[in-house]
Amino acid sequence: MSQNAVAPRPTLAVAGLSKSYDKRRVVGPLDFSLEAGSVTGLLGGNGAGKTTTIGMVMGLIEPTQGSVHAFGCDMSRERYGALGRMNFESPYVDMPHRLTVRQNLRVFGMLYDVEDLDAKIEQLAKDLALGDFLDRQTGRLSAGQKTRVAIAKSLINDPQLLLLDEPTASLDPDTADWVRARLEAHRRTHNCAILLASHNMSEVERLCDRVLMLKDGTLVDDDSPASLLARYGRDTLEEVFLDVARGRVDGAPA
Amino acid sequence: MNVSFKRIGAMVLRYAYLLRASYTRVLDIIYWPTVQLLTWGFLQTYLVRAGALAAPGGAAQAAGTLIGAILLWDILLRGQQGFCFSFIEELWSRNLPNILMSPLRPTEFVGALVAMSLIRLAVGVLPVTIFAILFFGFNLWSLGIAFAAFFVVLMLFAWSIGLFVSGILLRYGLGAENLVWSLMFFVQPLGAVYYPVTTLPNWLQPISWMLPPTYVFEGLRGVLIDHVIRWDLLAQGFVIDVVLFAAASAAFGLLLKSARRAGTLLQTGE
C-alpha cells in the first residue's frame, strides 16, 4: 500500500475520553476506534465503567475530557449529523408500557424517518419473531420478549453503528443465541460497527473480533479474543476476565 | 395480632430518609398550606374591603368574575400540566434515553409537548366552558377577541413554567416530580387570580406585576366589570411572556447540559 493512501475513516473514534465526578476519575482516558463491520466487546466487572463509556459515546453523558466522533461528527457539537445512523439497546432503558409493540416501533420509526415503515415493522417482526405479540402492550411482555422488542427498536433505522449494553442479559440461552445470530446477520448485511458491553464471555468470544478490557475505568487490554487467550495462556475468555479482574495480569501487554 | 413498633419505625425511617434526601418533597409539605392560606386569605380581604357582596348586584358580579377567573386559571394550570405530563411520561416509562438518542431535536421535542398541551386542554377544558354556560350562565366564549388574547398570554406563561419544570426533571429526575403539580400554584395568590392586585400588600404588588397572568386576570375584571378590553395590560403581559419563555428555554438548555455533565440522563428515577 502506498504511504500516501488515506486510511478509511473509522465509524467511531474515541480519543482521550475520560469522565470524572467530583474530581474522582471513573473512566479513562480511553482511546479506541471501531471500523465498519467490526464487533468490539467492552468487558469489565461491575463498576468498571462500561455503561458510562457507552453513555459518553451516545452523548447522554458529557465527557470531562476527550472526544467522540461518530461518522466523522463530533458528538458534543454535531451529534444530529450522526444520530440517524446509529442506535442502541440498554437494560437501563425501557419503552412506553401502555403502547403496543407495533405502536412503539411506529413512533421510533417516525423519529428515525424510516421509509416504508409498515413494511419495516413487518420485516422486524418476522426477523425477531415478534408476530405473536406485535399488538400486545409492551408492559405485558416477558423480560425476554421485551429485550427482543428493544433490539427491534435498535434495528429500526438499519443503523451502521450499534451500541449494545448487555443485550442478552435477561434471555434464556436459546433465545440469547438466537438474538446473537440476528445481530451477526445485521452486522453482515449492513456493514455495521457494533460496540457490545457484556458479562457473557461466550457471547463476546462468539461475536467479537476485538475485546477492550476495562478495569476501574481504564483500558487494561485491547486485542482479539484469540490473541488474549494465547497471551494469558487460558482456554476461555472467562478465565482471562478473572485474571484481569483479580489483578493476575501476567499476560497483559508490557 | 402482634404489632411491631420496630417494623413501623423501619417504615417511618424509610420515608424519613426519602424526605431528607429530597428537598423538593420537604418544600412541598410547606408550600401547599402557604399557598392555600394566602389565596383564600387575600380573597376574603378583597370581599370584605370592597363590600362587593353587599352592593346592589354585587353578588352576581362577584360570582361572574369568580367563575371567569376559575375557568382562566384552569386553562393556565392545565396548559402547564399538559406540557409537563407528556414529558414526565418519558421518565415514568424509562424511555427518555431512547428519545434523547434519536434524531429528535430539543426544539422538536418542545414543539410536540406544546401540541400535546393544546390537545389535552381541548379535551379537558372545552366541556367545562360549556358546563359553565349550562349551570351558571357564564359564557367565556362571549368574551370574543379578549378571550383569544387572554388565552395566548396564559399559554405562553404555562409553557414557560412547563419548560422550566421539565428541565428540572431532566436534571433531578422523578424526585422533583411534585413540581409538575405544584409550581404553578404560586401564581394563585400572587397573580391576582380571584382579586385585584391592589388587594395585595404594597410590597407584593411589584412582584405580582412581574407575572403575565396578573395582566390577564386584571384584564378579565376590566371586561366583566368595566366592559373595556385593556389592550395595554395584555400587551405588557405578552412582552413579559416573551422574556420569560426565552429565559425558560435558556434554563432548559442549561439544565440539559448539567444533566449530561452529571450523568443523570441514564438514571432518571426518584
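Remember, predicted model here, so these are calculated numbers, not experimental data. Sequence order sets the numbering: in each chain, residues are counted from 1 along the sequence as written. Starting at A for chains and at 1 for ligands, labels are handed out in the order in which the entities are written. With pLDDT at 70 or above as the cut-off, local features in this predicted model cover only qualifying residues; side-chain atom pairs require 80 or more to be listed or tallied, and sums for whole chains, interfaces and linings still use all residues. The side-chain figures draw on all heavy atoms in the structure; neither hydrogens nor water molecules are used.

Note: strands within a sheet are paired through backbone hydrogen bonds, in either parallel or antiparallel orientation. All names here are of chain A. Each pair of strands is called paired provided DSSP finds at least two bridges between the two strands. Each helix corresponds to a stretch of at least 4 residues labelled H or I by DSSP, and each strand to a stretch of at least 2 residues labelled E; elements are numbered beginning at the N terminus. Strand order in the open sheet formed by 4 strands is 2-1-4-5, and the pairing between neighbours is antiparallel. Strand pairing shows two members of the sheet lacking a second neighbour, strand 2 (24–34) and strand 5 (73–74), which therefore form its edges. Of the pairings in the sheet, the one linking strand 4 (residues 65–70) to strand 5 comprises 2 bridges and is antiparallel in character. From the neighbouring strand, H69 faces strand 5, where its bridge partner is D74. Most of the contacts of helix 1 (residues 50–58) go to strand 1 (residues 12–21), to which it runs at about 120°, and overall it touches strand 1, strand 2 and strand 4. Here, two residues are considered to be in contact whenever any of their heavy atoms come within 4.5 Å of each other. Each axis is a line fitted through C-alpha atoms, taken for helices only over the stretch in contact, and angles between the N-to-C directions span 0 to 180 degrees.

Where nonpolar side chains cluster on the molecular surface, the patch consists of V128, I130, F131, L134, F135 and F136 of chain B and spans about 660 Å² of accessible area. Note that V128 of chain B resides in helix 5 (residues 106–136). Two joining distances apply to patches: 9 Å for like charges and 5 Å for nonpolar side chains (Val, Leu, Ile, Met, Phe, Trp, Tyr), and every residue must have over 30% relative accessible area and no salt bridge. Surface accessibility follows the Shrake-Rupley procedure with a 1.4 Å probe radius. Residue values consider only the protein chains on display as shielding. Here, a salt bridge means any Lys or Arg side-chain nitrogen found within 4 Å of an Asp or Glu carboxyl oxygen.

It is worth spelling out the interface of chain A and chain B at this point. Between chain A and chain B, the residue contacts involve 27 residues of the former and 20 residues of the latter. Summed over both partners, the interface of chain A with chain B comes to about 2,300 Å²; 60% of that surface belongs to carbon and sulfur atoms. A quick way to say it: buried area is the sum, across both parts, of accessible area lost when two parts are put together, with a 1.4 Å probe. Looking at the side of chain A facing chain B, the largest losses of area belong to L60, E62 and Y80 of chain A, adding up to 31% of the total buried there. Here E62 of chain A ties to K257 of chain B by a salt bridge, and the two come within 3.3 Å at their closest N and O atoms. Identification of polar contacts relies on pairs of N or O atoms within 3.5 Å, with a donor-acceptor requirement for protein atoms, meaning one able to donate a hydrogen and the other able to accept it, and with residues adjacent in sequence counted only if both atoms are side-chain atoms. At the junction of chain A with chain B, the criterion picks out 9 residue pairs in polar contact (both at pLDDT 80 or more). Gly counts as polar in this scheme, as do all residues outside two lists: the nonpolar Ala, Val, Leu, Ile, Met, Phe, Trp, Tyr, Cys and Pro, and the charged Asp, Glu, Lys and Arg. Among the residues making up the side of chain A that touches chain B, the classes are represented as 17 nonpolar, 5 polar and 5 charged.

This part takes up empty space enclosed by the protein. With a 1 Å grid laid over protein atoms only, a set of points is called a cavity when a 1.4 Å probe fits there but cannot get out and a pocket when it is open yet has protein on both sides within 12 Å along at least five of seven lines; lining residues have an atom within 4 Å of a point. Grid points are joined across faces, edges and corners, and a volume is the space filled by probe spheres set on the points. All told, the structure shown has 1 cavity of 30 Å³ or more when counted by the stated rule. The calculated volume of the largest cavity comes to roughly 90 Å³. Around the largest cavity sit R79 and Y80 of chain A together with I99, L100, L104, R105, P106, F109, L170, F252, L256 and R260 of chain B, which together line it. Looking at the lining of the largest cavity, the elements with two or more residues in it are helix 4 (96–100), helix 5 and helix 11 (231–262) of chain B. With 3 residues, helix 11 of chain B is the single largest residue contributor to the lining of the largest cavity.

Moving on to the layout of surface pockets. In this approach, a probe sized like a water molecule rolls over the atoms, and the result shows the empty space that is left. Taken as a whole, the largest pocket spans an internal volume of roughly 630 Å³. Looking at the lining of the largest pocket, the elements with two or more residues in it are helix 2 (101–111) of chain A together with helix 3 (58–92) and helix 5 of chain B. A per-class count over the lining of the largest pocket returns 13 nonpolar, 5 polar and 4 charged.

Right, let's talk about the packing of aromatic side chains for a bit. Working definition: rings of Phe, Tyr and Trp (its six-membered ring) pair if their centres are within 6.5 Å, and the pair is stacked with planes under 30 degrees apart, edge-to-face with planes over 60 apart, and tilted otherwise. In total, this model carries 10 aromatic pairs over all chains according to the counting rule given. Considering the side-chain rings of F87 of chain B and F109 of chain B, the 5.7 Å spacing of their centres and the 35° angle between planes classify their relative orientation as tilted. Of this pair, F87 of chain B sits in helix 3 while F109 of chain B sits in helix 5, and the two are 22 residues apart along the sequence. Each member of the pair F87 of chain B and F109 of chain B is classed as buried. Put simply, the rings of F85, W92 and W181 of chain B pair up and form one aromatic cluster. Positioned above the aromatic ring of F108 of chain A is the side chain of K153 of chain A, whose terminal nitrogen or guanidinium carbon lies 5.7 Å from the ring centre. We count a charge as sitting over a ring when the NZ of a lysine or the CZ of an arginine lies within 6 Å of the ring centre and within 35 degrees of the ring normal. Sitting over the face of the ring of Y172 of chain B, R171 of chain B holds its NZ or CZ atom 4.9 Å from the ring centroid. The rule is simple: take the accessible area with a 1.4 Å probe, protein chains only, and divide by the maximum for that residue type; under 20% is buried, over 50% is exposed, in between is partly exposed.

Residue and element names in this part refer to chain A. Within the open sheet, the 6 strands sit side by side as 6-7-8-3-9-10. Their pairing is mixed. Of all the strands in the sheet, the pair left with one neighbour each is strand 6 (86–89) and strand 10 (218–223). Neighbour-to-neighbour, the strand axes of the sheet open up by a mean angle of 15°, direction not taken into account. Two strands pair when backbone bridges link them, and strand 3 (residues 39–43) and strand 9 (residues 210–215) are joined in this way by 4 bridges, in the parallel orientation. Within strand 9, the position partnered with T40 by the bridge is R210. Its contacts with the sheet place helix 5 (residues 173–190) against strand 3, strand 7 (161–165) and strand 8 (193–197), and it is angled at close to 160° to strand 7.

All names here are of chain A. Counting buried residues in strand 8 gives 5 out of 5 residues, a clear majority hidden from the surface. Of the two faces of strand 8, the one carrying A193, L195 and A197 and the one carrying I194 and L196 are both buried. In terms of strand pairing, strand 3 meets strand 8 through 4 bridges, oriented parallel. Looking at strand 8, one finds that V39 is bridged to I194.

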